[in-house]
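# Coordinates in review
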Amino acid sequence: METDCIKEALPAGTRLLHIGPHKTGTTAIQGALFAAKDTMPEHGVDFPAHSRHPMEAALAACARPAMMGDTVPTDKHWTRLLDAVRATGDRTSVISSEFFADAEDDETIARIVEQLGGERVHILITLRPLARIMPSQWQQYVQNGLRMGYDNWLEHMLRKAPYEQPNPSFWRRHRHDRLVERWARVVGPERVTVVVVDDSDRDGLLRTFEALLGLPANLLRPVPDAANRSLTLAETEMLRKLNVEFRGNGLPDELYSKLVRNGAVMHMKNSCSPTSQDVKITTPQWAVEAAGAIGAEMAGTIAATGVRVVGDTALLSAVPETVEKKVSGVPRIAPEVAAQALYGALAAVAAVPVRHSAPAKARTVHQTSSKELVRVLGHRCLKKLRRG
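One structure accompanies this document, and this report is about it. (Residues numbered from 1 in each chain as written. Predicted model: local features only at pLDDT ≥ 70, side-chain atom pairs only at ≥ 80, totals over all residues. Heavy atoms only, no water.)

## Looking at the packing of aromatic side chains
Enumeration over the complete set of coordinates arrives at eight aromatic pairs. Note on Phe 34 and Phe 47: the rings are 6.2 Å apart at their centroids and 70 degrees apart in plane angle, and the pair reads as edge-to-face. A residue pair is termed long-range when its members are at least 10 positions apart, and Phe 34 in helix α1 (residues 26-35) and Phe 47 in the loop between β2 (45-46) and α2 (55-61) qualify at 13 residues. Residue classification places Phe 47 among the buried residues on the basis of a relative accessible area of 3%. Between Phe 170 and Trp 171, the ring centres sit 4.8 Å apart and the planes meet at 80 degrees, which makes this aromatic pair edge-to-face. For the pair shown, Phe 170 and Trp 171 are each scored as buried. Chaining the aromatic ring pairs together yields one cluster made of Trp 138, Tyr 141, Tyr 150, Trp 153, Phe 170 and Trp 171. Directly above the ring of Trp 286 sits Arg 159, whose terminal nitrogen or CZ lies 3.6 Å from the centroid. (Phe/Tyr/Trp six-rings, centres within 6.5 Å; stacked < 30°, edge-to-face > 60°. Helix = DSSP H or I, 4+ residues; strand = E, 2+ residues; numbered from the N terminus. Buried < 20%, exposed > 50% of the residue type's maximum accessible area, 1.4 Å probe, protein only. Lys NZ or Arg CZ within 6 Å of the ring centre and 35° of its normal.)

## Re the packing of helix α5 (residues 130-142) against helix α6 (residues 150-159)
The contact between α5 and α6 brings their axes to 11 Å, and the two run at 110 degrees. In terms of orientation, α5 lies roughly perpendicular with respect to α6. As for the relative orientation of α5 and α6, their crossing is right-handed in sense. Between α5 and α6, the contacting residues are Met 134, Pro 135, Trp 138 and Tyr 141 on the first element and Tyr 150, Trp 153, Leu 154 and Leu 158 on the second. Among the residues forming the contact of α5 with α6, the class breakdown is eight nonpolar, no polar and no charged. (Axes fitted to C-alpha atoms, helices over the stretch in contact; angles between N-to-C directions. Parallel < 35°, antiparallel > 145°, perpendicular 65-115°, else oblique. Left-handed = near helix turned anticlockwise from the far one by under 90°. Contact = heavy atoms within 4.5 Å. Nonpolar A, V, L, I, M, F, W, Y, C, P; charged D, E, K, R; others polar.)

## A short note on the pattern of salt bridges
If charged atoms from side chains of opposite charge come close, those side chains can pair. Within the structure shown, the criterion is met by 16 salt bridges. A salt bridge links Arg 229 to Glu 235; the nearest nitrogen and oxygen atoms lie 3.0 Å apart. Classification of Arg 229 as buried rests on a relative accessible area of 14%. Put simply, Asp 253 and Arg 247 hold a salt bridge, and the shortest N to O gap is 3.0 Å. Arg 247 sits in the partly exposed class, given a relative accessible area of 35%. (Salt bridge = Lys/Arg side-chain N within 4 Å of Asp/Glu carboxyl O.)

## Concerning the pairing of strand β3 (residues 92-96)
Most of β3 is tucked away: five of the five residues are buried. Of the two faces of β3, the one lined by Thr 92, Val 94 and Ser 96 and the one lined by Ser 93 and Ile 95 are each fully buried. Bridging between strand β1 (residues 15-18) and β3 involves four bridges; their strand directions are parallel. In the strand pairing of β3, Arg 15 is matched with Ser 93. Relative to β3, β2 runs parallel, the two sharing two bridges. Across the sheet, the residue bridging to Asp 46 is Ser 93, located in β3. (Pairing = 2+ DSSP bridges.)

## Regarding the sheet that holds strand β4 (residues 121-127)
The strands making up a sheet associate through hydrogen bonds between their backbones, and the pairing can be parallel or antiparallel. Strands sit in the order β2-β3-β1-β4-β5-β6 across an open sheet of six strands; the sheet is parallel. Each edge of the sheet is formed by a strand with only one pairing partner; in this case those strands are β2 and β6 (308-310). The pairing of β1 with β4 spans four bridges and is parallel. Bridge pairing in β4 places His 18 opposite Leu 124. The strands touched by helix α8 (residues 176-187) are β1, β4 and β5 (192-196); relative to β4, the strand with the most contacts, the crossing angle is about 175 degrees.

## Focus: helix α4 (residues 106-116)
Buried within α4 are the following residues: Thr 108, Ile 109, Ile 112, Val 113 and Leu 116. Seen from one end, α4 has its buried residues packed into an arc of 130 degrees, which puts them on one side. Pointing more than 90 degrees away from the buried face of α4 are the exposed residues Glu 107 and Glu 114. If you check the start of α4, you find a side-chain oxygen 3.1 Å away from the backbone N of Glu 107, and it comes from Asp 105. Just downstream of α4, Gly 117 is the residue with a positive phi angle, here 145 degrees. (Arc of directions from axis to C-beta. Polar contact = N/O pair within 3.5 Å; in protein donor to acceptor, adjacent residues only side chain to side chain.)

As structure tokens, then:
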């Protein structure tokens, strides 16, 4: 069913809170908003966050833990964002983080809304079909330490009540009708807009944000981000098996964050682009059909809430006409991809500043030349050997 279209922008002074959830175009819109941060004020709109994605602030606001091994979010992260939002005064502002979707109860949601501006806050929720979300969300969970294979994970999420293991956050985020109901119950349905993302219209979400914020057409532009690409099946399986070894040997979470997720995986994503020969993560037909049935149920419930819905709700229950053939045998990762992943982990070690008499400024892997990384790594290994 085709629903409402945006005929006029939200009132001036609105604080638009985009809560995702995950895998619904959040990174793309955050990148575009941050890139236009200096241009939007000319049109009465501010992007108050200090980074593309204020993840730590959202996690702190929702009292949720950080990703495995990352810095623990504190109230300081949330307070800093609130101060930046308040500094926008009576102007329109936009805040975006998919982690706001992790708010579990009415009390938490009410506190977040009140602190951001109370009645000035308008909630934006972006949705995609579950069948498209599931493989992307599974590989994201693997990037955060998950050790369960895709087929087994689908069994747990779709067939094993109460559907909370191994990732209780999945249905908190992606039972979209309940997500909409939670926020509408607190702010009222008239202050909630749901946008159904059409994957066939690549820039449609950007145009929707422009219309809501009263921005000129095409001011928001796509920002290429290789680090946000999904992993191939072989890459995900390599990482999943590494997770098994990592946990089995009791290594600290901080090491996983630095060397695996922000070292090996990040460098692999930036250095290796998938080709037509790479096997994508394939969802079995039974799971695609189950996702479609859940999507149809959610679409009906969302429509009954009275919130404004932009886009075609029939997309939420769409079942792909063709499903990729099941890969035969074990997925094999290309040697060059494995080499880049290993290099990323080694480079992450080498990028940590050595203690000097004066403080040294840390640099990221990609800000340091390969020659210097190898030299620093060799120097540190030699020092450790001599100590031994």
